[in-house]
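Each chain, letter by letter, is given below.
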Amino acid sequence: MYRQIVVLTGAGISAESGLRTFRDQDGLWEEHLIEDVATPEGYARDPQLVERFYNERWRQLHNGDVEPNLAHVALAKLEQEFEGELLIVTQNIDDLHERAGSRRLLHMHGELSKGRCPRSRQTFLLRDPLGEHHTCTCCIPAQRLRPHVVWFGEMPIGLDRVQHALDTCDLFIAIGTSGSVYPAAGFVDTANHHGAQTVEVNIVPPDNDSQFQYHLQGKASSLVPYLVDRILNDEVISDQYDTEMTA
């Protein structure tokens, strides 16, 4: 029986809801250089370009066609019914986990639906795309809000909390993420070091140097509900279990 679970989710889980992943195969972020739209330096050079980039993502997220999929719903069910400790850590900046009902959630790369004061770091909910009319209420004079997104060169949010959860968990699950970029790339090593079982759910085959003990290849919307049901039935993951779930 598992008592403490950490779940890491990445772009793959949201892609099934119709959200495009930022990074293309050629390394561009939807036809933009990373240096232009995903760094503090890029924002300092051209804040309007950066705002337009994230406002396009905001509109896509709120256009009415994007909804949580069965994987998001299953994780919300796990939170509601699991009697132990659970932390969902997401690399995604969308709010699909929240829409599905998840609350024990940490957005390590920020949130698209919020703006942040550059001085106090206080966040504010965005009910419309970010613009010059969005200013903070925490400073005098009021500061123009920037996207509440962790850019390259900035520290991810909540790493101390994530580290503590990984140190004490007995099951670590990564869903829809390659986990190849640090610090997230080190999460599986930490979990393995402390004796947790580690499971990867991804539509692509595992890397040859993957440190995960179990690999479930297929769509998150198919595999995660099945995995959650087994956890709630107190079934421990095994080789047979892994083979049975791969689809």
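K.L.:
Describe the nonpolar core, listing the residues and the values that go with them.
P.N.:
In terms of nonpolar packing, the biggest core is built from 26 residues, with Ile-5, Ile-173, Ile-175, Val-201, Val-224 and Ile-231 touching the most fellow members. Of all the secondary structure elements, the ones that give two or more residues to this core are strand 1 (4–9), helix 5 (70–81), strand 2 (85–90), strand 7 (171–175), strand 8 (197–202), strand 9 (214–217) and helix 9 (220–232). Broken down by element, this core gets its largest block of residues, 6 residues, from helix 9. Here Ile-173 is in contact with Ile-5, Val-6, Val-7, Leu-8, Val-199, Val-201, Leu-227 and Ile-231, once residues within four sequence places are set aside. Counting residues in each nonpolar core, the second largest holds 24 residues, with Ala-38, Val-50, Leu-61 and Val-66 among its members.

K.L.:
Tell me about the pairing of strand 1, and name the residues and values.
P.N.:
Burial runs high along strand 1: 5 of the 6 residues are buried. Across 6 bridges, strand 1 lies against strand 2 in parallel orientation. Its bridge partner being in strand 2, Val-6 is matched across the sheet by Leu-87. With 5 bridges connecting them, strand 1 and strand 7 associate as parallel partners.

K.L.:
Residues and numbers for empty space enclosed by the protein, please.
P.N.:
Using the criterion set out here, one finds 2 cavities of 30 Å³ or more in the structure. Tyr-54, Asn-55, Trp-58, Leu-112, Lys-114, Leu-126, Leu-130, Pro-147, His-148 and Val-149 together form the lining of the largest cavity. Elements with a minimum of two residues in the lining of the largest cavity: helix 4 (47–61), strand 4 (110–116) and strand 6 (146–149). Residues belonging to the lining of the largest cavity are distributed by class as follows: 7 nonpolar, 2 polar and 1 charged.

K.L.:
So, the packing of aromatic side chains: which residues are in play, and what are the values?
P.N.:
Aromatic rings in a pair are described by how distant their centres are and how their planes are angled relative to each other. Counted according to the given criterion, the structure contains 4 aromatic pairs. When the centroid spacing of 5.3 Å and the interplanar angle of 40 degrees are considered together, the rings of Tyr-43 and Trp-151 count as tilted. Taken together, the residues span a long stretch of sequence, with Tyr-43 in helix 3 (residues 40–45) and Trp-151 in the loop between strand 6 and helix 7 (159–168) at a distance of 108 residues. Each of the two residues, Tyr-43 as well as Trp-151, counts as buried. Between Phe-53 and Tyr-54, the aromatic rings sit 5.0 Å apart at their centres with planes inclined by 85 degrees, giving edge-to-face as the arrangement.

K.L.:
Explain the side chain of Thr-39 to me, and be specific about the residues and the numbers.
P.N.:
By the element assignment, Thr-39 lies in the loop between helix 2 (34–37) and helix 3. Taking relative accessible area as the criterion, Thr-39 reaches 9% and is therefore assigned buried. Residue contacts for Thr-39: discarding those within four places in its chain leaves Ile-34, Trp-151 and Phe-152.

K.L.:
Run through the layout of surface pockets, naming residues and quoting values.
P.N.:
Of the voids in this model, the second largest pocket is the one considered here, and its volume is about 170 Å³. Every residue along the wall of the second largest pocket is listed here: Gln-4, Ile-5, Val-6, Glu-85, Leu-86, Leu-87, Arg-161, His-164, Ala-165 and Thr-168. Of all the secondary-structure elements, those providing two or more residues to the lining of the second largest pocket are strand 1, strand 2 and helix 7. It is helix 7 that provides the largest number of residues to the lining of the second largest pocket, a total of 4 residues.

Rules and cut-offs
Residues numbered from 1 in each chain as written. Predicted model: local features only at pLDDT ≥ 70, side-chain atom pairs only at ≥ 80, totals over all residues. Heavy atoms only, no water. Core = buried A, V, L, I, M, F, W, Y, C linked by side-chain atoms within 4.5 Å. Buried < 20%, exposed > 50% of the residue type's maximum accessible area, 1.4 Å probe, protein only. Helix = DSSP H or I, 4+ residues; strand = E, 2+ residues; numbered from the N terminus. Contact = heavy atoms within 4.5 Å. Pairing = 2+ DSSP bridges. 1 Å grid on protein atoms, 1.4 Å probe; cavity = no way out; pocket = protein on both sides within 12 Å on 5 of 7 lines; lining within 4 Å. Points joined across faces, edges and corners; volume = space filled by probe spheres on them. Nonpolar A, V, L, I, M, F, W, Y, C, P; charged D, E, K, R; others polar. Phe/Tyr/Trp six-rings, centres within 6.5 Å; stacked < 30°, edge-to-face > 60°.

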